[in-house]
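Structural overview for review
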Amino acid sequence: NQMVYANMARAMFEISKALNFTKTKFIVSLGCSIATYRDQEAKEQYRQDFLKNKTIKVKSHWTNLETALIEYKEIELEILDVLPAPEGVSGVYNVPDLKPTKPYALIDLGGYNSQITEFQAKPNFETAICGCNGFDVLVEALVDKCANANLCDNTTLIEGCINEMSEYKENKNEEMQKIIQTIEKYIREDYVENVIKASILKANMKLGIYTPVFLGGTAKILKPYLSEAFPDALYPDDMIYASAIGMYVRTKKHVRNNKNRYMVEGE
């Protein structure tokens, strides 16, 4: 959509600016859902949608890194190719201690969506399950839970409490403590047990055989609770940028294997 295209253009501009505009041509790795990625026709259409406008013209004031002077720049950035990348599994390339031949359950918890994928040597996209169990859905459920208990219906407060639980626990107000108890009880007993564990089993991956690998920003927020329920689980080194790092690794490998196609020299 237009937001994704705008973010892609902004990223290209910031990277080019950081390199003093010495690089203006890009091979872009662009995240997509597993549902799109495993459908060859949909994946190619996704790629072509972002190749319709291959030239991006930007006008901006910037600070020249070599002269330290503020200059006005009209720059033209070019997209050489777009490589769709599966968001739900790309972060696996950033997970330490992962042994590729062992069986893993990759659980990607995003802002709204969630994805569970079997991984052994490579991801099994055909059996992957795509759902809506991300952070926003969890917040909605907790707002309803707290409202029904006559505690709170303030979405911003509950969202902040989930994000910064340790700080909110310092508030000894009785009502605040009841909200915290309700949120933690729901996360442990409903979200982790009845949503996450149930989804793994639905994907035909038995716990104890498949080691969970949690990916995505929501997994970072909920890591204390996930670690309680899944003590053997693995996590990326950088949970916020794991997917971006993984896409970068995949893209470098692709370009390295197709240097003639892209006329690329060196790394």
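The rules behind each value
Residues numbered from 1 in each chain as written. Predicted model: local features only at pLDDT ≥ 70, side-chain atom pairs only at ≥ 80, totals over all residues. Heavy atoms only, no water. Buried < 20%, exposed > 50% of the residue type's maximum accessible area, 1.4 Å probe, protein only. Helix = DSSP H or I, 4+ residues; strand = E, 2+ residues; numbered from the N terminus. Pairing = 2+ DSSP bridges. Axes fitted to C-alpha atoms, helices over the stretch in contact; angles between N-to-C directions. Contact = heavy atoms within 4.5 Å. pLDDT = per-residue confidence, 0-100. Patch = residues over 30% accessible without salt bridge, like charges linked within 9 Å, V, L, I, M, F, W, Y side chains within 5 Å. Areas by Shrake-Rupley, 256 points an atom, 1.4 Å probe, with all protein chains shown as cover. Salt bridge = Lys/Arg side-chain N within 4 Å of Asp/Glu carboxyl O. Lys, Arg positive; Asp, Glu negative; His and termini not counted. Charge placed at Lys NZ, Arg CZ, Asp CG, Glu CD.

Attention now moves to the pairing of strand E2 (residues 55–63). Burial of the side chains of E2 is restricted to one face: Ile56, Val58, Ser60 and Trp62 are buried, whereas none of Thr55, Lys57, Lys59, His61 and Thr63 on the reverse face is. Adjacent in sequence and paired antiparallel, E2 and strand E3 (residues 70–86) are bridged by six residues, among which Ala68 carries a positive phi angle near 65 degrees.

Below, the discussion takes up unusual backbone geometry. A positive phi is found at Asp97, a non-glycine position, where the angle reads about 70 degrees. Mapped onto the fold, Asp97 is located in the loop between helix H4 (87–90) and strand E4 (104–109). Judged by relative accessible area, which is 62%, Asp97 ranks as exposed.

The strand order across the open sheet formed by four strands is E6-E5-E4-E7, and the pairing between neighbours is mixed. Single-partner strands in this sheet number two, and they are strand E6 (122–131) and strand E7 (211–215). Taken pair by pair, the neighbouring strands of this sheet meet at an average axis angle of 20 degrees, ignoring direction. Of the strand pairs in this sheet, strand E5 (residues 114–120) and E6 are connected by six bridges, and their pairing is antiparallel. Bridging across to E6, Ser114 finds its partner in Gly131. Along the sheet, helix H8 (residues 174–202) makes contact with E4, E5, E6 and E7, crossing E4 at roughly 130 degrees.

The predicted model of the protein averages 89 in pLDDT, with 98% of residues at 70 or higher. Within the protein, the lowest mean pLDDT, 78, falls on helix H12 (residues 259–262), and the highest, 95, falls on helix H10 (residues 223–229).

Turning to a negative patch on the surface, a few remarks are in order. Residues Asp136, Glu140, Asp144 and Glu159 make up a contiguous surface patch of negative charge. The element contributing the most residues to the negative patch is helix H5 (residues 135–148), with three residues. Looking at the secondary structure, you find Glu140 in helix H5.

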